[in-house]
Amino acid sequence: MRYRSPSYKLFAICNYIALGILGLLCIFPVVHVFAVSLSSRAAATANIVNFWPIGFTLDAYEQTLANSHFLRALSIGVMRTVLGTGISIAVLLLAAYSLSKPDRKFGGRSAYAWYFVVPMLFSGGMIPSYLIVKETGLLNTIWALVIPGAASAYLLILMLNFFRTVPIELEEAALIDGAGHFTTLFRVYLPVSMAGIATISLFEMVAHWNSWFDGMIYLTNPKDYPLATFLQSIIGKENFQEAGIQAEDIANISSRTVKASQIFIGALPILAVYPFLQKYFVKGIVLGSVKG
Amino acid sequence: MRETSKFASYCKRTWPLHLLLLPAFLITLIYQYIPMLGAVIAFKDYKPWVGILDSPWIGLEHFKYLFTFPDSKQVIQNTLIIAFFKQILGVLVPVLFALLLNEVAKTAFKKTIQTLVYMPHFLSWVILGGIFVDVLAVQGGIVNRLLGLFGAEPIFFLGSNDWFRATVVLTDVWKEFGFAAIVFLSALAAVNPNLYEAAEMDGANRWRQTIYITIPAIMPIVVVVATLALGRIMNAGFDQIFNLYNPLVYETGDIIDTFVYRIGLEGGQFSFGTAVGLFKSAIGFVLIITCYRILYKVADYRIF
């Protein structure tokens, strides 16, 4: 049914080429840095590496993975992601179940819904948030990174929309069998909402892995930094003292190939979950953000 | 008596639902609502060792200072300029991309392109900051080397006041255009194919079909997205700028959020920093509410 005039064919060819270039443009910086990380130090310093490693070597990765500062930050990053995702998912599932009930079954539902939406529109700002984290004693603990953001309103709305697609008959059958809300949630809703749970889990994991600013302001000791914050403190800013790194290590870390390898290891988990993520987020975006 | 029993039966019916909401309720209360109250320190001379309650009120002193502070005008101006171009291009580029991708007939090609262009959205600005600092370097950065092939002088993308804003806007569009196109692509997929067939029978070519069928079909969603973008005109993107800027480009690149961080948290001027942040939040809030009201009236749009 496509229009088959010669001019449309010409357009189609140009279109394929343009989109192809655009697609490559989106990955070319990442590919370049990956190629640098696998190149010899001399080739990287001479600026001759493009998109393929020159003088292939794994030295940079060996150095990075032998660096105790990097490994500590890596393990804190993993810990924060696992802990943060677990806590958030628990909090979000419970709340989303209640909010997915229609108004007639749960008077007060819309009051709660507004309660969660208002902070999306207005926030007290960076400094009062810092002060309350300090007042509640979370400063300099991993909890400062996982508790304050655990009830994301955006993911809450996403999850409640997933729950709304659960057929009402399933729930009614459970109620007739005498099941309460807790049983209904765990025995009926959760087993049929695995796609939704996977979606919000992936979003939480990516958010936690990428999150760096909270580590920077809530943790005073660089030894407690998760990987994202650690990378932030050594990349670009070149503020080595802040990252708690000894002078003799600086030469190794500041080498361009080593830096590239650290960037790539930092991006690797995201690149690894991305194919799974892609399966779900298109549906999630359309479900959660824009409803006509 | 009857009122009480009604309330009792409501409680009896719904208490598990309230209980399930409790954790999310408390976290939001403590870490979202209390900081909103904490923002009163913008009107006080807050001293950490005195405490929020006991610090003296000083009214609008910090806001007056904000408007007399030499850097404020520059910072507000930078924020608006950067955010304005980000929001405009952040709608136009995805729409254009979605329209072009919609013309692709081969599903495998379409899927591949989508996989490539959505990817940068998920990488953080820490990672991308590191990547761009390398790629855009003056001395031997790959972009400058490629431009050099065409005989261009090396450009100091991240260190020159002529280039910094453009670099920030373009790298942000680069990161987000694919992901932002998702809603437009799903709107395009929902267009009834019969419309195109009918138009073709009437002799309309693909260009005319685009003008008269495709664009009107996605216009409502474009209006929604563009209006919501207007509400973000105070958000120039803290994560990105913080990871790309340096003292050389404060003149064109310092935005309200980075300013609040440097003055307020690093400089310890908690009250002044909060006042600046509050100024931004308040304007942003008014803008967003206005946008939602417009959309509610025009497009019957609801948040949930």
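Per chain, residues are indexed from 1 in the order of the written sequence. Chain letters and ligand numbers both follow the written order, the letters beginning at A and the numbers at 1. Given that the model is predicted, a residue must reach a pLDDT of at least 70 before its local features are reported, and side-chain atom pairs must reach 80 or more before they are shown or counted; all residues, however, enter totals for whole chains, interfaces and linings. In computing side-chain properties, one takes all heavy atoms of the structure into account and sets aside hydrogens as well as water.

**A word on the overall build of chain A**
Part 1 of the argument: Helix numbering and strand numbering both begin at the N terminus, where a helix is a DSSP run of H or I of at least 4 residues and a strand a DSSP run of E of at least 2. Of regular secondary structure, chain A possesses 15 helices and zero strands.
Part 2 of the argument: Three labels apply to residues, based on accessible area from a 1.4 Å probe with only protein chains included: buried if under 20% of the type maximum, exposed if over 50%, partly exposed otherwise in between. Split into buried and exposed, the 292 residues of chain A put 53% on the buried side.
Part 3 of the argument: Throughout, a contact is declared for two residues whenever any of their heavy atoms are within 4.5 Å. Summarising the internal contacts of chain A: among those between residues at least 6 apart in sequence, 68% fall at separations of at least 24.
Part 4 of the argument: Carbon together with sulfur atoms contributes 67% to the accessible area of chain A, which is approximately 12,700 Å² in total. Here the accessible surface of atoms and residues is derived via Shrake-Rupley with a 1.4 Å probe, and residues count as covered only by protein chains that are part of the display.

**Re the domain arrangement of chain A**
One frequent convention defines the size of an interface as the accessible area lost when the parts assemble.
Residue and element names in this part refer to chain A.
Part 1 of the argument: Domains assigned within chain A are domain 1 (6–57) and domain 2 (60–288).
Part 2 of the argument: For domain 1 versus domain 2, the separation of C-alpha centres amounts to 32 Å.
Part 3 of the argument: Taken together, the contacts link 12 residues of domain 1 with 12 residues of domain 2.
Part 4 of the argument: Of the roughly 930 Å² buried where domain 1 meets domain 2, counting both sides, 62% is carbon and sulfur surface.
Part 5 of the argument: Salt bridge criterion: a side-chain nitrogen from Lys or Arg within 4 Å of a carboxyl oxygen from Asp or Glu. At the junction of domain 1 and domain 2, the tally comes to zero salt bridges.
Part 6 of the argument: For this analysis, a polar contact is any N or O atom pair within 3.5 Å, provided that within protein one partner can donate a hydrogen and the other can accept it, and provided that sequence-adjacent residues contribute only side-chain to side-chain pairs. Linking domain 1 to domain 2 there are three residue pairs in polar contact (both at pLDDT 80 or more).
Part 7 of the argument: If you list the elements that add at least two residues to the side of domain 1 that touches domain 2, you get α1 (6–37) and α2 (41–45).
Part 8 of the argument: In this count, Pro and Cys sit with the nonpolar residues alongside Ala, Val, Leu, Ile, Met, Phe, Trp and Tyr, while Asp, Glu, Lys and Arg are called charged and the others, Gly among them, polar. The residue inventory of the side of domain 1 that touches domain 2, partitioned by class, reads six nonpolar, five polar and one charged. Where each domain starts and ends comes from a domain assignment, either automatic or drawn from a database. Two parts placed together each lose some accessible area under a 1.4 Å probe, and the buried area is that loss summed for both.

**Considering the packing of helix α8 (residues 193–201) of chain B against helix α9 (residues 206–230) of chain B**
Residues and elements named next belong to chain B.
Part 1 of the argument: It is the contact of α8 with α9, at a shortest axis distance of 10 Å, that shows an interaxial angle of 135°. Relative to α9, the element α8 lies oblique. For α8 against α9, the interelement crossing comes out right-handed. Contacts from L195, Y196, A199 and E200 in α8 reach R206, Q209, I213 and T214 in α9. Axis lines are fitted through C-alpha atoms, for helices just across the contact stretch, and the angle between N-to-C directions can take any value from 0 to 180 degrees. Any angle between 65 and 115 degrees counts as roughly perpendicular, while under 35 counts as roughly parallel, over 145 as roughly antiparallel, and the rest as oblique. Handedness of a helix crossing follows the sense of rotation of the near helix relative to the far helix, less than a right angle counterclockwise being left-handed and clockwise being right-handed.

**Side note on the interface of chain A and chain B**
Part 1 of the argument: On the chain B side, the residues contacting the 94 residues of chain A number 97 residues.
Part 2 of the argument: Taking both partners together, chain A and chain B bury about 9,000 Å²; carbon and sulfur atoms supply 75% of that area.
Part 3 of the argument: Here chain A is connected to chain B by one salt bridge.
Part 4 of the argument: For A:R256, the salt bridge goes to B:D134, with nearest N and O atoms at 2.7 Å.
Part 5 of the argument: Put simply, chain A and chain B have 23 residue pairs in polar contact (both at pLDDT 80 or more) between them.

**Description of the side chain of B:H62**
All names here are of chain B.
Part 1 of the argument: You can see H62 is positioned in helix α2 (residues 61–68).
Part 2 of the argument: Residue H62 is classed as buried on the basis of its relative accessible area, which comes to 12%.
Part 3 of the argument: Of note is the side chain of H62, whose polar atom sits 3.1 Å from the backbone oxygen of K44.
Part 4 of the argument: Sequence-distant contacts of H62, that is, excluding residues within four places in its chain, are made with I41, A42, K44, D45, S271, F272 and A275.

**Details of the pattern of salt bridges**
Part 1 of the argument: Taken as a whole and assessed by the stated rule, the structure comprises nine salt bridges over all chains.
Part 2 of the argument: Here A:R80 ties to A:D214 by a salt bridge, and the two come within 2.8 Å at their closest N and O atoms. Of this pair, A:R80 sits in helix α4 (residues 68–99) while A:D214 sits in helix α12 (residues 213–218), and the two are 134 residues apart along the sequence. A:D214 shares its class with A:R80; the two are buried.
Part 3 of the argument: Salt-bridge contacts for B:E103 lead to B:R206; the nearest nitrogen and oxygen are separated by 2.8 Å.

**Re helix α4 (residues 107–118) of chain B**
Part 1 of the argument: For a helix, the expected span equals 1.5 Å multiplied by the number of residues minus one. With 12 residues, α4(B) should cover 16 Å at 1.5 Å per step; its first-to-last C-alpha distance of 16 Å lies within 8% of that length.
Part 2 of the argument: For α4(B), every residue scored as buried is listed here: B:I113, B:Q114, B:L116, B:V117 and B:Y118.

**A word on the packing of aromatic side chains**
For any pair of aromatic rings, the description rests on two quantities: the centre-to-centre distance and the angle between the ring planes.
Part 1 of the argument: Aromatic rings from Phe, Tyr and Trp, taking only the six-membered ring of Trp, are treated as a pair when their centres fall within 6.5 Å; an angle between ring planes under 30 degrees marks them as stacked, one over 60 as edge-to-face, and anything in between as tilted. Applying the stated rule across the entire model yields 41 aromatic pairs over all chains.
Part 2 of the argument: Ring geometry for A:F213 versus B:Y261: centroids 5.6 Å apart, planes at 65°, classification edge-to-face. Residue A:F213 is found in helix α12, and its partner B:Y261 is found in helix α12 (residues 256–266); the two belong to separate chains.
Part 3 of the argument: Classification of B:Y261 as buried rests on a relative accessible area of 7%.
Part 4 of the argument: Charge-over-ring contacts are defined here by two conditions on Lys NZ or Arg CZ: a distance within 6 Å of the ring centre and an angle within 35 degrees of the ring normal. Directly above the aromatic system of B:Y196 lies the positively charged group of B:R206, at a separation of 4.9 Å from the ring centroid.
Part 5 of the argument: Positioned above the aromatic ring of B:Y250, the side-chain terminus of B:R262 is 4.1 Å from the ring centre.

**What about the nonpolar core?**
Part 1 of the argument: A:F163, A:L231, A:F281, B:F122 and B:Y261 are the most contacted members of the largest nonpolar core, which totals 168 residues.
Part 2 of the argument: Top contributing element to this core by residue count: helix α7 (residues 164–189) of chain B, with 14 residues.
Part 3 of the argument: Dropping the residues within four chain positions of it, B:F122 is found in contact with A:F203, A:V206, A:N210, A:I270, A:Y274, A:L277, A:F281 and B:F179.
Part 4 of the argument: Joining through side-chain atoms within 4.5 Å is the link that ties buried Ala, Val, Leu, Ile, Met, Phe, Trp, Tyr and Cys residues into a set, and such a set is a nonpolar core. Judged by nonpolar contacts, the second largest core, of five residues, contains B:V191, B:A199, B:A204 and B:I213.

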